[in-house]
Amino acid sequence: MLTSGRLSRVDLSRGARDTAAVSAQRSLNPLYVIGAGGHAKVVIATAQSIMLPLGGEPVALWPDIRVRDDNTAIHGRSIMGITVEGDNASILRDPHFCAVLAIGNNGVRARIGTTAKCRFATVIHHQSIVHSTVRIGTGTVVFAGAIVQPDTVIGAHCIINTGASVDHDCVLGDAVHIAPGARLAGGVTVGARSFIGIGAVVAPGITIGDDVIIGAGAAVVRDIPSGTTAVGVPARPLTPRERL
Amino acid sequence: MRIVVVGGWAPSLLKFRGPLLAAMVGRGHQVTAMAADQDAETTAGLADIGVDFQAIGVERAGLDPRRDVQLVRELQHRMRALRAEQFFAYTIKPVVYGAMAARAAGVPRRAAMITGLGYAFAPPSSVKHRAVSAVARGMYRLGLAQCQQVFFQNPDDKAEFGRLGLLPKRTAVEIVRGSGVDVDHYAVAPLEMASSEGRTFLFVGRLLADKGIREYAAMARAVRAVRPATRFLVAGWLDPNPTSVSQAELDGWIREGSIEYLGAQADIRPAIARAQVLVLPSYREGTPRSVLEAMSMGRAIITTDAPGCRETIVDGEQGLLVPVRDAAALTRAGLALTDDPALLQRMGTAARQRIVQLYDARAVANHMLDTLGL
Ligand SMILES: CC(C)(COP(=O)(O)OP(=O)(O)OC[C@H]1O[C@@H](n2cnc3c(N)ncnc32)[C@H](O)[C@@H]1OP(=O)(O)O)[C@@H](O)C(=O)NCCC(=O)NCCS
């Protein structure tokens, strides 16, 4: 009698443990930050800012953040208290993992974003202001103090950096980076993989092509064709001579 | 062969067993369906597929022994008058009283379908609950002892009945995929139909704690806190069931804007078409019809790693599985789908494929009839 009672209790607890293991794995749902540079610190801080109101104490959306980098030299090092645990490939190829790309290079982000098989998280800082009509692509990050105004559409794997503002009706392609403090007026179009440098301003309705680089502090008042680098006030393309 | 099919709630005969009844008629059998409450629409619908209907005195809840004895007598009388050769029933009272009546009436072939264990099999929450559970189990043991064939809708229910000793050894057991779903009736609704309203989630069912309605409301509040444009629809109704939420609680969710209450729907398809994701955070199901219907219409699913629910999808392919009673996990799953339209599209397509391959109602009905040798 005793024995059989104990046996059945053991069986039950084993069942319960299995379920609990599965549950824990799924409910923790780790967020893998791909890249361990300075930019990754801000991605981590942004992910950590997001709390869910679930009654009682708010619950972190991502209680388990992990960091990966292909540079084996930094494996085992700590970034924001998180140990860099290994390379990217094993995460990126598995649809069960959820990742965010903390890589500054727009071309690299775009390439990984389109080839990876994992899911991507969209990470929007708790203290940014994103209007409810804004559509934001998967894998994009929006940092503290950024403001995105009504009816703007932002692509996948973009970076809307600290304190940047993107006004109404803008359209940003995939893997665009709006650097800290840059300001886009209303109705601006920015092509895929383009970079708007820190503190740059873009006048209303301007179209910036794909793979463009706008220098720090530039004032863009004319359309910028794809593939060009433009600097200054007003922004002009860097000539090949200047680039030598 | 003369077949008598007994269910508890008249509309369920058409809604849930329609394809099975039609397949019986299609194989040349004469079929009489019985259920409580006379219902003109059901009678007409059944007549259309060539099935006779007789109303009987079944009440779904409640335990009044005198009425139950009357019911057994009534069923026995009716089956004898029909000279029934095959008895088939689903839901607890029709199975138990019907099987006893069928035996007494000399119906030689008797089969039952366990459609979901419900309140009586949930972990007991009170002394009264424990008593109700014990009675329900005793009833099932009695009823199933009279049946040669029992159908289950998922392996967990079968295992549970085995563990509780409710299945006599000589009774044959078969697992079927619920009642399947009519893949033509629940045709694919393009996802674009839904996207104009922003990301939209849908819960379908009675507003019972055991269906996870409170977790759904919590998820709605939390997802909307970080993605304010997201919408959470509820197509369901308050139920006399002891675990139902109250009107006041429902009103609170509506007032704070977490959920949009659609009420009971005569036809669920427009509500499914409006949503991109169907959410069923239930603690236990037989085979959840709302999930199958939404999948058939090409919708991604969020449901629980619970009996009956976990079989409907493969985690990560047609949707996401989360632990039961875990609003945080549910919220994370909701956000993952909110933020990834490509994933939604992929899962919706995979959902439809899975239904067509495995849950087509005609295939499920044929599987049952083959098993019964009809
Ligand atoms: C535009 C930029 C990418 C050009 O880099 P580069 O191709 O290496 O160019 P160089 O540094 O060789 O400069 C070429 C010429 O352009 C000028 N120049 C470069 N950046 C300029 C800028 N932002 N505004 C005005 N002139 C600029 C240089 O002074 C130099 O002129 P010179 O030939 O007369 O001396 C870079 O200077 C820049 O502005 N980067 C922005 C960085 C940023 O915003 N980072 C934020 C990260 S979060």
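## Section: unusual backbone geometry
Residues and elements named next belong to chain A.
Next, step 1: Of note, the bond from Val233 into Pro234 is cis; its omega dihedral lies within 30 degrees of zero at -10 degrees.
Next, step 2: Non-glycine residue Met80 carries a positive phi angle of around 50 degrees.
Next, step 3: Looking at the secondary structure, you find Met80 in the loop between β5 (78–79) and β6 (82–83).
Next, step 4: On the basis of relative accessibility, which here comes to 40%, the residue Met80 falls in the partly exposed class.
Next, step 5: Of note in this structure, Asp151 is not a glycine but carries a positive phi near 65 degrees.
Next, step 6: Mapped onto the elements, Asp151 comes out in the loop between β13 (147–148) and β14 (153–154).

## Things to note about the domain arrangement of chain B
Residues and elements named next belong to chain B.
Next, step 1: Partitioning chain B into domains gives domain 1 (2–180 + 360–372) and domain 2 (200–358).
Next, step 2: Distance from the C-alpha centre of domain 1 to the C-alpha centre of domain 2: 28 Å.
Next, step 3: With both chains or domains summed, domain 1 and domain 2 bury close to 1,400 Å², and 44% of this area falls on carbon and sulfur atoms.
Next, step 4: The residue Asp156 makes a salt bridge to Arg310 at a minimum N-O spacing of 2.9 Å.
Next, step 5: If you look at where domain 1 meets domain 2, you find 8 residue pairs in polar contact (both at pLDDT 80 or more).
Next, step 6: Looking at the side of domain 1 that touches domain 2 element by element, the count peaks at 4 residues for helix α7 (residues 155–163).
Next, step 7: Considered class by class, the residues forming the side of domain 1 that touches domain 2 number 6 nonpolar, 7 polar and 6 charged.

## Comments concerning helix α6 (residues 127–144) of chain B
Because an α-helix completes one turn every 3.6 residues, residues spaced three or four positions apart along the sequence face the same direction.
All names here are of chain B.
Next, step 1: Along its 18 residues, α6 runs 26 Å from first to last C-alpha, staying within 8% of the 26 Å computed at 1.5 Å per residue.
Next, step 2: Among the residues making up α6, those that are buried are His129, Ser133, Ala136, Met139, Tyr140, Gly143 and Leu144. An end-on view of α6 places all buried positions within 130 degrees of arc, on one side of the element. In α6, the exposed positions that point more than 90 degrees away from the buried face belong to Val127, Arg130 and Ala134.
Next, step 3: Buried residues along α6 sit in contact with α5 (92–104), β5 (109–114), β6 (149–152) and α7.

## Describing the packing of aromatic side chains
Next, step 1: Taken as a whole and assessed by the stated rule, the structure comprises 8 aromatic pairs over all chains.
Next, step 2: Judged by centre distance (5.1 Å) and plane angle (75 degrees), the rings of Tyr32(A) and Phe97(A) are edge-to-face. Of the two residues, Tyr32(A) is situated in strand β1 (residues 31–34) and Phe97(A) in the loop between α3 (89–92) and β7 (98–101); the sequence distance between them amounts to 65 residues.
Next, step 3: Feature note: the residues Phe201(B), Phe203(B), Tyr216(B) and Phe232(B) constitute an aromatic cluster, connected by ring pairs.
Next, step 4: Above the plane of the ring of Tyr90(B) lies Arg17(B), whose end atom (NZ or CZ) is 4.4 Å from the centre.
Next, step 5: For the cation-ring pair, Arg325(B) lies above Tyr283(B), with the distance from its terminal atom to the ring centre recorded as 4.2 Å.

## Looking at the sheet that holds β1(A)
Residue and element names in this part refer to chain A.
Next, step 1: The 4 strands lie next to each other as β4-β1-β7-β8, forming an open sheet whose pairing is parallel. Each end of this open sheet is capped by a strand with a single partner; those strands are β4 (65–68) and β8 (119–120).
Next, step 2: Here 4 bridges tie β1 to β4, and the two strands are oriented parallel to one another. Paired with Val33 across the bridge in β4 is Val67.

## Thoughts on the pattern of salt bridges
Residue and element names in this part refer to chain A.
Next, step 1: For the coordinates displayed, the defined rule picks out 21 salt bridges over all chains.
Next, step 2: A salt bridge links Asp64 to Arg66; the nearest nitrogen and oxygen atoms lie 2.7 Å apart.
Next, step 3: Salt bridges here are not isolated pairs; linked through shared partners, they connect Arg68, Glu85 and Asp87.

## A short note on the environment of Glu74(B)
Residue and element names in this part refer to chain B.
Next, step 1: Relative to the helices and strands, Glu74 is located in helix α4 (residues 65–82).
Next, step 2: For Glu74, a relative accessible area of 25% puts it in the partly exposed group.
Next, step 3: Put simply, Glu74 and Ala101 are 27 residues apart on the chain and 8.3 Å apart in space, counted from C-alpha to C-alpha.
Next, step 4: Glu74 has contacts with Ala55, Ile56 and Gly57, leaving out every residue within four places of it along the chain.

## Some thoughts on the environment of Asp156(B)
All names here are of chain B.
Next, step 1: Inspection of the secondary structure assignment puts Asp156 in helix α7.
Next, step 2: C-alpha of Asp156 to C-alpha of Gly286: the two residues are 130 residues apart in sequence and 9.0 Å apart in space.
Next, step 3: In this view, Asp156 contacts Arg284, Pro307, Gly308, Arg310 and Glu311; residues no more than four positions away in its chain are not counted.

## Topic: the nonpolar core
Next, step 1: In this structure, Val33(A), Trp62(A), Leu202(B), Tyr216(B), Met219(B), Ile302(B) and Leu337(B) are the most contacted members of the largest nonpolar core, which totals 87 residues.
Next, step 2: Apart from residues no more than four positions distant in its own chain, Trp62(A) is found in contact with Asn29(A), Leu31(A), Ala47(A), Ile50(A), Ala121(A), Thr122(A) and Val123(A).

## Topic: a nonpolar patch on the surface
Next, step 1: Together, Trp237(B), Ile254(B) and Tyr261(B) line one region of the surface with nonpolar side chains, adding up to about 260 Å² of accessible area.
Next, step 2: Checked against the element boundaries, Tyr261(B) lands in strand β10 (residues 260–261).

## Focus: the side chain of Arg354(B)
Residues and elements named next belong to chain B.
Next, step 1: Assignment of secondary structure puts Arg354 in helix α14 (residues 341–359).
Next, step 2: Of the side chains with opposite charge, Glu317 comes closest to the buried, unpaired Arg354, at an N-O distance of 6.7 Å.
Next, step 3: Polar contacts involving the side chain of Arg354 include one to the main-chain carbonyl oxygen of Thr312, which spans 2.7 Å.
Next, step 4: Leave out the neighbours within four places in its chain, and Arg354 touches Met295, Glu311, Thr312, Ile313, Val314, Gln318 and Tyr359.

## Quick notes on the interface of chain B and chain A
Next, step 1: Contact with chain B, which involves 24 residues of that partner, is made by 21 residues of chain A.
Next, step 2: Of the roughly 1,800 Å² buried between chain B and chain A on both sides combined, carbon and sulfur atoms contribute 60%.
Next, step 3: Here chain B is connected to chain A by 0 salt bridges.
Next, step 4: Applying the counting criterion to the chain B and chain A interface returns 4 residue pairs in polar contact (both at pLDDT 80 or more).
Next, step 5: Secondary-structure elements contributing two or more residues to the side of chain B that touches chain A are α9 (213–226), α13 (327–338) and α14 of chain B.

## A word on the sheet that holds strand β15 (residues 159–160) of chain A
All names here are of chain A.
Next, step 1: Spatially, 8 strands are ordered β9-β12-β15-β18-β21-β24-β26-β27 in an open sheet, and the strand pairing comes out mixed. Among the strands making up the open sheet, the edge pair consists of β9 (123–124) and β27 (236–237).
Next, step 2: The sheet contact formed by strand β12 (residues 141–142) and β15 spans 2 bridges and is parallel. Considered in β15, the bridge of Val141 is made with Ile159.

## Digging into the domain arrangement of chain A
Residues and elements named next belong to chain A.
Next, step 1: Assigned domains within chain A: domain 1 (2–120) and domain 2 (127–233).
Next, step 2: Both faces considered, domain 1 and domain 2 share a buried interface measuring about 1,000 Å² in area, 66% of it formed by carbon and sulfur atoms.
Next, step 3: Together, Asn106, Arg109 and Phe120 form the three largest contributors to the area buried by domain 1 at its contact with domain 2, with a combined 43%.
Next, step 4: On the surface where domain 1 and domain 2 come into contact, there are 5 residue pairs in polar contact (both at pLDDT 80 or more).
Next, step 5: Among the elements that take part in the side of domain 1 that touches domain 2, helix α4 (residues 106–115) stands out by supplying 5 residues, more than any other.

About the cut-offs
Residues numbered from 1 in each chain as written. Chains lettered and ligands numbered in written order. Predicted model: local features only at pLDDT ≥ 70, side-chain atom pairs only at ≥ 80, totals over all residues. Heavy atoms only, no water. Helix = DSSP H or I, 4+ residues; strand = E, 2+ residues; numbered from the N terminus. Buried < 20%, exposed > 50% of the residue type's maximum accessible area, 1.4 Å probe, protein only. Domains from an automatic or database assignment. Buried area = accessible area lost by both parts, 1.4 Å probe. Salt bridge = Lys/Arg side-chain N within 4 Å of Asp/Glu carboxyl O. Polar contact = N/O pair within 3.5 Å; in protein donor to acceptor, adjacent residues only side chain to side chain. Nonpolar A, V, L, I, M, F, W, Y, C, P; charged D, E, K, R; others polar. Expected span 1.5 Å × (residues − 1). Arc of directions from axis to C-beta. Contact = heavy atoms within 4.5 Å. Phe/Tyr/Trp six-rings, centres within 6.5 Å; stacked < 30°, edge-to-face > 60°. Lys NZ or Arg CZ within 6 Å of the ring centre and 35° of its normal. Pairing = 2+ DSSP bridges. Core = buried A, V, L, I, M, F, W, Y, C linked by side-chain atoms within 4.5 Å. Patch = residues over 30% accessible without salt bridge, like charges linked within 9 Å, V, L, I, M, F, W, Y side chains within 5 Å. Areas by Shrake-Rupley, 256 points an atom, 1.4 Å probe, with all protein chains shown as cover. Lys, Arg positive; Asp, Glu negative; His and termini not counted.

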